[in-house]
Every structure is written in structure tokens, then in C-alpha cells.
Amino acid sequence: MVLNWYATSQWEENKNIVDVIAIDPNIATLKRLEISLLNFSKQPTVAKAFLNLARSEFGLRTFAEYGFLTPDELTHELELERTKTRNHSQTPSIRAEQP
């Protein structure tokens, strides 16, 4: 038995040999994946473009594909992004905002 990041269970070389036993959130609180733009970024335009890509549907699905979002988290993040697009009021966990 190994305690490891969920993401490693989703890597192609591990998918067929690793079983995931999720830890009860009451024992280990889930943490959001957050990405921010640093004030001292040497290429803020490129950094902002990456952040926008990361929070797009393509970006969110890519994070999920590599195990950085569970299927439930992906569904939640996609719904937040759709709600934000419709209402311009919600901010997803992965967001492109300057600090």
C-alpha cells in the first residue's frame, strides 16, 4: 500500500495496476487546485494566456486527464465555468486573476 497523490493513479503507466482508495474528506480535507499570476512574472501576457487556457474547458479536461481533478471535481469546475460565462458572477477554483 502506498499513500500518494490521486493524479499518479491516472497516469497511463499506472491506470491498470493502481487501485484508488479515496481518503474520507473528514480525515483529509480536500484542497482546491489554484493557479495564480505572480506580480513579478517576466512574461505576464504569456502567463495570463496560460491561466486562461488552464481554466478553459480544454484546460480543465486536461487537468482531469492527468489526474489533477477527479471526475466529480471536473464536473463541478465545468459547471462553475459555464455559470460564470452565463452570469459573470462566479469564479472557478482555477482562475486567471492577478493577485
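I will try to describe carefully the structure that is included in this document. Nothing here was measured: the structure is a model prediction, and the numbers come from that model. (Residues numbered from 1 in each chain as written. Predicted model: local features only at pLDDT ≥ 70, side-chain atom pairs only at ≥ 80, totals over all residues. Heavy atoms only, no water.)

Some words on the environment of Gly-67
Within the element layout of this structure, Gly-67 appears in the loop between α3 (57–65) and α4 (71–87). We classify Gly-67 as buried; its relative accessible area is 4%. The sequence separation of Gly-67 and Ala-7 amounts to 60 residues, and the corresponding C-alpha distance is 3.6 Å. Other than its neighbours up to four places away in sequence, Gly-67 contacts Tyr-6, Ala-7 and Gln-10. (Helix = DSSP H or I, 4+ residues; strand = E, 2+ residues; numbered from the N terminus. Buried < 20%, exposed > 50% of the residue type's maximum accessible area, 1.4 Å probe, protein only. Contact = heavy atoms within 4.5 Å.)

Considering the pattern of salt bridges
Tallied over the entire structure, the rule returns three salt bridges. Notably, a salt bridge pairs Lys-15 with Glu-12, separated by 3.8 Å at the nearest N-O pair. On the accessibility criterion, Lys-15 (38% relative accessible area) is partly exposed. Ionic pairing is found between Glu-81 and Arg-55, a salt bridge with its closest N-O pair at 3.9 Å. Note that Glu-81 is positioned in helix α4 and Arg-55 in helix α2 (residues 44–55), a separation of 26 residues in sequence. (Salt bridge = Lys/Arg side-chain N within 4 Å of Asp/Glu carboxyl O.)

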